[in-house]
Amino acid sequence: MALTPEIEAQILRYYHAEHWRIGTIATQLHVHRDSVARVLSQAGLPGLGTLRRPSAIDPYLPFVLETLAQFPRLRASRVYDMVKARGYPGRPDHFRHLIARHRPRPKTEAYLRLRTLPGEQMQIDWGHFGHLDVGSARRPLMGFVAVLSWSRQIFLRFYLGAHMENFLRGHVGAVTAWGGCPRVALYDNLKSAVLERQGQVIRFNPTLLALAGHYRFDPRPVAVARGNEKGRVERAIRYIRDAFFAGRPFKDVADLNAQADAWVVGPAGERRCPEDEALTVSEAFAQEQVRLLALPGDAFPTDEIKAVSAGKTPYVRFDLNDYSIPHNLCVTHADRGRDPESGTHSRRPGGDRHASARLESPAADRDSRAHRDLGGAQASGQCASRHGSSGASGARQS
């Protein structure tokens, strides 16, 4: 409210003639002290500002401002060491207060709430849920989380590791559980999705592109360090940690996944849908499901095939396990396949160049180690007999 000329005249008289303080004038005239200061300033008096006393940091202030402009997040203790080496006599506790006053503040950003159409988008990410001991190996427990952006329907699957094969299995499991595939998939810049990025120039993982072509969706990575662009899956992972995983007992990964499936249908599906408070997530998903793309007739292959070779001993190393090789396969190639939930492995033939005989299990490996010398000598003799003099030079007993 603008002050009347009468009030302004009273302010000037009380201040100059009666020598009242600004606070006293404001209290007695029922006006704000800033209004009193403004009237006094406009009457030709100097501005009423806080008097700044000289400080010991004044000679070093240009250096401090230049350093903070170049390194805005540099700790005050490091700046203090740099200034003290240049002769600053002050103490570090008072210096921290001075640095807080002069440190540049980040620019405030405005965010726009993103809305999507039903069946348009899913957001995908990994969540780390600690480690599990499988035999003598310690493996990370990773949660693959996919969220439909409109209905907030969650797909949750746990794996022992976040390698590419489990990444593919998560996609196939999600679209199979939903009975269709959205048109767009949002990722952050993890290596399973993006191999290299320079600004807007992106080199996708070719395996992900093959998956996207199979299910007809468009993979889109969010901008670097912009997790807010896929906030639905970020909040879903936090919700899973608090509402599902915290304090939950389970026997193994298969048991944990069975509990996760029941939880997704039950408590997670009964919460209210943010896009329409009148619907639950399950009800909104029923409406969105008809908008999803139809799935192809066959699922995308997700088997892990890895060629391994043996050294001087008849054992191959794969996924932290040793596997013995039958002596009659000492010069052939063999592949091992991994079970995504149990962490165990099964033989997988791979064509004419791959072995078709069964490799021994880790338990059989331990039993056979007692006979390694005898078996090695026998294998060496058979290899030498099969390959003549060329093989005899490499068949040595240890």
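Below or above, wherever it landed, is the structure these notes cover. (Residues numbered from 1 in each chain as written. Predicted model: local features only at pLDDT ≥ 70, side-chain atom pairs only at ≥ 80, totals over all residues. Heavy atoms only, no water.)

Reading across from one edge, E3-E2-E1-E4-E7 is the order of the 5 strands in this open sheet, with mixed pairing throughout. Each end of this open sheet is capped by a strand with a single partner; those strands are strand E3 (154–159) and strand E7 (218–221). Strand-to-strand twist across the sheet, computed as the mean angle between neighbouring axes with direction ignored, equals 25°. Relative to E7, strand E4 (residues 184–187) runs parallel, the two sharing 4 bridges. Looking at E7, one finds that Tyr-187 is bridged to Pro-221. (Pairing = 2+ DSSP bridges. Helix = DSSP H or I, 4+ residues; strand = E, 2+ residues; numbered from the N terminus. Axes fitted to C-alpha atoms, helices over the stretch in contact; angles between N-to-C directions.)

On to the environment of Arg-139, then. Among the structural elements, Arg-139 can be located in strand E2 (residues 137–148). A C-alpha to C-alpha distance of 6.8 Å links Arg-139 and Gly-161, two positions 22 residues apart in sequence.

What follows is about helix H4 (residues 61–70). Helical geometry note: an α-helix holds 3.6 residues per turn, so side chains three or four residues apart project in the same direction. Every buried residue of H4 is accounted for by Leu-61, Val-64, Thr-67 and Leu-68. Taken around the axis of H4, the buried residues stretch over an arc of 130°, which confines them to a single face. In this structure, H4 carries Pro-62, Glu-66, Ala-69 and Gln-70 as exposed residues pointing more than 90 degrees from its buried face. Residues of H4 that are buried in the fold lie against helix H5 (76–84) and helix H6 (92–102). (Buried < 20%, exposed > 50% of the residue type's maximum accessible area, 1.4 Å probe, protein only. Arc of directions from axis to C-beta. Contact = heavy atoms within 4.5 Å.)

The final tally for this structure, using the stated rule, is 12 salt bridges. We note a salt bridge from Lys-230 to Asp-125, for which the minimum N-O separation is 2.8 Å. Here Asp-125 lies in strand E1 (residues 121–134) and Lys-230 lies in the loop between E7 and helix H9 (231–245), a separation of 105 residues in the sequence. Asp-125 carries the same exposure label as Lys-230, and that label is buried. A network of salt bridges, in which partner residues are shared, links Arg-115, Arg-152, Arg-232 and Glu-275. (Salt bridge = Lys/Arg side-chain N within 4 Å of Asp/Glu carboxyl O.)

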